[in-house]
Every structure is written in structure tokens, then in C-alpha cells.
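# Coordinate analysis (summary)
In case you want the letters, here they are:
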Amino acid sequence: MPTSADNRYGSLSAWAYDLDKPIGHSFGDIEFLLGRLKDCNGPILEPAAGTGRVLIRLLEAGHDVEGFDASNEMLEVCRRNCQARGFSPRLSQMRWETFQYDRKFAAIVMTAATFMLITEFETACAVLRRFYDHLVPGGRLILDISPDDCFTSDYSIRRWTSPEGDLLTLQENKTDLDYVRQCSVTPIRYEHWRDGKLLRSELEILILRWWGMHEMAMALTAAGFAPPIISGGFEHGRPPRTGDIAISFEAVRR
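Residues numbered from 1 in each chain as written. Predicted model: local features only at pLDDT ≥ 70, side-chain atom pairs only at ≥ 80, totals over all residues. Heavy atoms only, no water.

Quick look at the nonpolar core now. The nonpolar side chains of soluble globular proteins are, as a tendency, buried together. Of all hydrophobic cores here, the largest spans 34 residues; its most connected members are Phe115, Leu128, Phe131 and Leu141. Those elements giving two or more residues to this core turn out to be β4 (105-110), α5 (121-133), β5 (135-145), α6 (213-222) and β12 (247-252). The next biggest cluster of nonpolar side chains, apart from the first, holds 24 residues, and it includes Leu37, Val54, Ile56 and Ala107. (Core = buried A, V, L, I, M, F, W, Y, C linked by side-chain atoms within 4.5 Å. Buried < 20%, exposed > 50% of the residue type's maximum accessible area, 1.4 Å probe, protein only. Helix = DSSP H or I, 4+ residues; strand = E, 2+ residues; numbered from the N terminus.)

In C-alpha cells:
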């Protein structure tokens, strides 16, 4: 069984993410975060900052934000996106298991079900404790899970055309499910074409661990947090319902 090390996001997958979810794109998560953080006066950390889709919107709202990502390719795109908008936040290449900062944060935020990329249960619990240790007392962790993302099983092809006219394709193969480990494994092939010629290709193995709502709440309290506020569909305080695209958790360091 592959591990979360396979969720590496190379140059083509970073490019595809930036084309598919450009800065300003929101699932409702950005508006939700901006509302929850409007009274946040301290620094904010975004683990797995990716291409800057969320980080830049927080910077534009006046927050002090920094981030890290395991993928240097994603960070390169993030830095370009930040520079194009006049921002130069501190961005570091670090992994979940070992990230370390010399200051504590008023909030740590993760959206788009990013936490599900941590595929080992023990590692995920250790990361929650690490988040706890990097928050000031009263600081908040805000993350979400997606009930549906793990169960996509149909073969599909997607394509994007770059501003220069190059073609980028994504071929998503059938998802395998491991119910014991609560993981899905989806091989994804990216191809970069120009004038009918294949220039580059990458194979990414996307692995997601799905979480039950109560399982996540128990993991947060086991890490030391106060019982979280659980919200459905990016509506703060509204109980989750079947069909919600996301279930959000807001947990406070005691």
C-alpha cells in the first residue's frame, strides 16, 4: 500500500492545480475562513499552502500569514503568485511530521480537505498535537474534511489550455479503496503537449484518508483541544447534513 509520501505534487500537478483553482477561486471555504478570522489579530499559519489560493486571500485581508508545503514545485508557483500581487510572505519547504517554527500562531488553517492527505492515522494524530503546540493559548485550528472525495471511482480525462497555447491533460484512473486503512488510492497521469507533441508526463498517486465526523472530533480532543465546533457546508454552526461538500472543525487550544 502506498503512503502519504506519494502525495508529492510535481511540476505538472502544481501547474494543473493553479490552472484549475486559480487565485480567487473558492469552494465557499475562503469566505468561511475570512469570516471566522475577521477578529484574529495574531499570526496565521497555513500548512500545505500549495499555490497560494487561500494564503493570498488572507494576505489581501490584512492578515500576517506564512505557510509551508512539502512540494517545492507548489511553493514555486505560490511564490510567483505572491510576487505578482506584491506580497512576499515567509514560505518554507517542510513536512507535516517535522515542521517547526520559532513563534506560535493565533490560528492554523487548512481547507479543501488537505488534512486527508495524511494517510496514516498515527501520523495524523501526531500532526494534530504538533498543531496544538504551535498555537497560543486560545488559538484556533480550522480544518475541513470532504465526505465524497475518497469515493470517486470513474475513469475521467480533463484538459486545460495555457495562456501560451500549450495543452495540459489529466487522466484519472479508477480509485482503489482500502476500507481497513480508510484510504483511497487514485493514479493520476499528467501530460504536457505542444503542437501535438508530448513534452512531459508525470504519474502521481493521490492517496486520501477518509475520516468520520465523530472520529475527527475525538482526535482533536485527544490532541488537547477543546471540543470543536462542527459546521456543514461552510456555514458556521450549522450541523452537517448528508450532501455537504465539506465538514469544518474549529478547535481551540485550551
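So, about unusual backbone geometry. Leave glycine aside and you will find that most residues have negative phi; peptide bonds, for their part, are mostly trans. Positive phi outside glycine occurs at Ala113, with the angle close to 60 degrees. Note that Ala113 resides in the loop between β4 and α5. In this structure, Gln182 takes a positive phi of about 60 degrees despite not being glycine. You can see Gln182 is positioned in the loop between β8 (176-178) and β9 (183-194).

Moving on: the side chain of Ser71. Relative to the helices and strands, Ser71 resides in the loop between β2 (65-69) and α4 (72-84). Of note is the side chain of Ser71, whose polar atom sits 2.6 Å from the backbone oxygen of Tyr9. (Polar contact = N/O pair within 3.5 Å; in protein donor to acceptor, adjacent residues only side chain to side chain.)

In short, shape yes, function no, at least from these values alone.
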